[in-house]
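# Geometric and topological summary
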Amino acid sequence: MENINDIWGNVTKQLRDEMSTVAFDTWIKPIKPVEVAGDSITLCVPGGLQKGSLNKSMIMTKYRSLIESSIKNVTGKSLDLDVCFETNSGVQADDPIKQESALNPKYTFDNFIVGNNNNLAQAASLAVAETPAHKYNPLFIYGGSGLGKTHLIQAIGNFYLTNNPGKRVLYTTSEKFTYELVNAIREKTNQDFRNKHRTVDLLLMDDVQFLATKELAQEEFFHTFNALYEAGKQIVLTSDRLPSETPHLADRLKTRFQMGLLADIQPPDYETRLAILKSKIEDEYFTFDEEIVEYVANNITSNVRDLEGALKRILAYAGIERTNTISMELAQKALKEILSTLPQRNITISVIIDEVEKYYRLPKGSLITKKRSNDIAYPRHIAMYISRVILDESYASIGDAFKRDHSTVMNAVKKIKKMVTEDTELQEIINELVTNIKKD
Ligand SMILES: Nc1ncnc2c1ncn2[C@@H]1O[C@H](COP(=O)(O)OP(=O)(O)OP(=O)(O)O)[C@@H](O)[C@H]1O
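Parameters at a glance
Residues numbered from 1 in each chain as written. Predicted model: local features only at pLDDT ≥ 70, side-chain atom pairs only at ≥ 80, totals over all residues. UniProt positions renumbered as here; feature names shortened; annotations may be inferred. Helix = DSSP H or I, 4+ residues; strand = E, 2+ residues; numbered from the N terminus. Buried ≥ 20, exposed ≤ 12 C-beta atoms within 10 Å, placed from the backbone. Contact = placed C-beta atoms within 7 Å. Pairing = 2+ DSSP bridges. Axes fitted to C-alpha atoms, helices over the stretch in contact; angles between N-to-C directions.

## Concerning the UniProt feature "binding site: ATP" (unreviewed entry) in the protein
- The UniProt feature table records "binding site: ATP" (unreviewed entry) at Gly146, Gly148, Lys149 and Thr150.
- Summarising the element assignment, Gly146 is placed in the loop between strand S4 (139-143) and helix H6 (149-163).
- The exposure class assigned to Gly146 is partly exposed, which follows from the 17 C-beta atoms found within 10 Å.
- Look past the residues within four positions of Gly146 in its chain and what remains in contact with it is Asn303, Val304, Arg305 and Asp306.
- Tracing the backbone shows Lys149 in helix H6.
- Lys149 gets classed as buried once you count the C-beta atoms within 10 Å, which come to 24.
- Leaving out residues up to four positions away in the same chain, Lys149 has contacts with Ile141, Gly143, Asp206, Thr238 and Ile265.

In structure tokens, the structure reads:
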């Protein structure tokens, strides 16, 4: 069973039998199903910020396991429950224009945490949502999995619809686009397909990299893109990589995707991970000590989806132990399994060089040039120091990687080692670099 309304209809039938009528009418009946995406199901509770968050808290603490087990009975799958409520900046779940747009109201700018890793993409997204087709058309957001691309692209749509009621927005993915195109050809409804995609004010296309291997869909999307662009409509695209690095993507699409702004999202740094965790915890109404939040931020470094997963695990353990206060012991128990299964990166000197160059925003390969200016020499010494500390490599093999002799490496390592003991800022930089180097 795939349709969210069918699933929820069956789940509520079961819940009605298992709960008292008063509890069912108060807590379950007002819930609106939003979507099933991947391993999670999203439901929306009524109320604004205050009442909505109370409703959500009640569902998550008291009824979560009951709802999740009914969902499992109905779908045969374990789906994570995600509950949203209607904020001022989110569109209403039952608004017909919203339904046509296929947007999920839970993705807003309000709940998107901005850090060094995503500030360009967030600022450009907001600019596009405020004044579409003005500055950046198309806006192309790219970055690794679980870093917030879907969140941002949908926040653009939600913001735009809230501020421009009556305008038409369409959120789709390249896979959905292809699937609907194939159906349209089979059922001879090509014109409907074109009307749907070419007459909107704002087209949001997620995961555009999957178009690359589908010739027919690329051809159709090329014409969709042109029709919208020429009509002065905004297009926003997301991908896991740059257009120029997408194999099999037609050149004419590559050039079009590059016409506006290319904005990247990088994995969140430590500060941003902390801020994201704190904001997600605020939504949950559980008490966490600062040291527990730091423990999670230090250990889960890959992406925001994994951070959320870690938090959900901790909350699930808290649910089992029927407590609202999270202890360090509970957090460690909850994360033990996932920490041991997280992919470990194969760390080499070249990984360290890459990360240090990225951190100091230096062009790739700068650390192994002959340049001796301080802006290159200092990061180079740090990279040598980290190579020695993390990998325990010999000075000679570090020297080979940096095209330097072994005494240069030895002096650099000695110098940074001394500085680290005196300079707390440098200690923090090195901690952050080591975290970046270790994450996959
Ligand atoms: N900066 C952020 N602030 C708050 N939540 C975030 C942030 N970035 C990501 N998230 C959350 O992390 C989860 C994963 O994000 P999202 O689905 O947008 O990633 P993605 O880049 O589209 O991944 P994929 O390429 O795998 O589809 C979502 O629940 C999203 O709300």
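## Remarks on the sheet that holds S4
- Ordered by their spatial adjacency, 5 strands build an open sheet running S5-S6-S7-S4-S8, and the pairing between neighbours is parallel. If you trace the sheet from one side to the other, it starts and ends with strand S5 (169-173) and strand S8 (261-265), each paired once. The sheet shows a mean angle of 15 degrees between the axes of neighbouring strands, taken without regard to direction.
- Relative to strand S7 (residues 234-239), strand S6 (residues 202-206) runs parallel, the two being bridged by 4 bridges. For Leu203, the partnering residue across the bridge sits in S7 and is Ile235.
- On the sheet, helix H5 (residues 119-130) packs against S4, S7 and S8 and is oriented at approximately 135 degrees with respect to S8.

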